[in-house]
Amino acid sequence: DTGVSQNPRHKITKRGQNVTFRCDPISEHNRLYWYRQTLGQGPEFLTYFQNEAQLEKSRLLSDRFSAERPKGSFSTLEIQRTEQGDSAMYLCASSGTSGGASADTQYFGPGTRLTVL
Amino acid sequence: RKEVEQDPGPFNVPEGATVAFNCTYSNSASQSFFWYRQDCRKEPKLLMSVYSSGNEDGRFTAQLNRASQYISLLIRDSKLSDSATYLCVVRPGGSYIPTFGRGTSLIVHP
């Protein structure tokens, strides 16, 4: 399967613990995005990488959240000192390398569902 | 005002019906427009891009009205399998960051 993959698919943690999620984008894609989605809402943008450079972060991303894409391939999203309000689906998406309409198309992974108890 | 607004629905229609969704956006500099489909507890998947001239893909037709800043999605001859949430996505010019609407829920019943 050459789509976007995310691990783990589900994570249950206690408040105050740290969690880390991984995203493996489509191999030829240089753009990678992290989103958070809660029930009844659309995906909310968290952060964006072009290759290994983190080019933009949402104001939603508090200092407890950090993301990396060290070699421009896979990415990790870490949440420190989790809070119950962090419970959500965390989605990763990647998109293409060149300009044009096809470069805009985002391909999503299946998401990591986080539950903070 | 939210950047991208959609009626959350649900729209409850019988099989075979025609249904239309609208989505309004606030940023007049928006450049790219899309409809994504999201099934329950699944990831969003691209349904179609929306071009200025409008575009059609089988039973699905998307239109863009830049003057009034809205896009629309028309589904003809609804199938049970069309039941899903339809997300409107808008990307401003000069940015690679899209904004998603909250989605419109469609339920097609027998």
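These lines cover the structure that appears in this document, whether it is placed above or below. (Residues numbered from 1 in each chain as written. Chains lettered and ligands numbered in written order. Predicted model: local features only at pLDDT ≥ 70, side-chain atom pairs only at ≥ 80, totals over all residues. Heavy atoms only, no water.)

Residue and element names in this part refer to chain B. A sheet is described by the order of its strands in space; here five strands give the open sequence S1-S3-S8-S7-S6, paired in antiparallel fashion. Each edge of the open sheet carries a strand with a single partner, namely strand S1 (4-6) and strand S6 (55-57). Neighbour-to-neighbour, the strand axes of this sheet turn through a mean angle of 20 degrees, independent of strand direction. Judged from the six bridges that link them, strand S3 (residues 19-25) and strand S8 (residues 70-75) form a sheet pairing that is antiparallel. From the neighbouring strand, Val19 faces S8, where its bridge partner is Ile75. (Pairing = 2+ DSSP bridges. Helix = DSSP H or I, 4+ residues; strand = E, 2+ residues; numbered from the N terminus. Axes fitted to C-alpha atoms, helices over the stretch in contact; angles between N-to-C directions.)

Turning our attention to the nonpolar core. All names here are of chain B. Of all hydrophobic cores here, the largest spans 23 residues; its most connected members are Phe21, Trp35, Ile71, Leu73, Ile75, Tyr86 and Leu106. Of all the secondary-structure elements, those providing two or more residues to this core are S3, strand S4 (30-38), strand S5 (45-50), strand S7 (60-65), S8, strand S9 (84-92) and strand S11 (104-109). Sequence-distant contacts of Ile71, defined by excluding residues within four places in its chain, comprise Phe21, Asn22, Cys23, Tyr25, Phe33, Phe34, Trp35, Val50, Gln63, Leu64 and Cys88. (Core = buried A, V, L, I, M, F, W, Y, C linked by side-chain atoms within 4.5 Å. Buried < 20%, exposed > 50% of the residue type's maximum accessible area, 1.4 Å probe, protein only. Contact = heavy atoms within 4.5 Å.)

Here we take up the state of the cysteines. All names here are of chain A. Following the criterion strictly, the structure yields two disulfides over all chains and no others. Here Cys23 is linked by a disulfide to Cys92, with a sulfur-sulfur distance of 1.8 Å. Its S-S torsion of about -65 degrees marks the bond between Cys23 and Cys92 as left-handed, since a negative value means left-handed. In this pair, Cys23 is assigned in strand S3 (residues 19-24) and Cys92 in strand S9 (residues 88-95), connecting sequence segments 69 residues apart. (Disulfide = S-S within 2.5 Å.)

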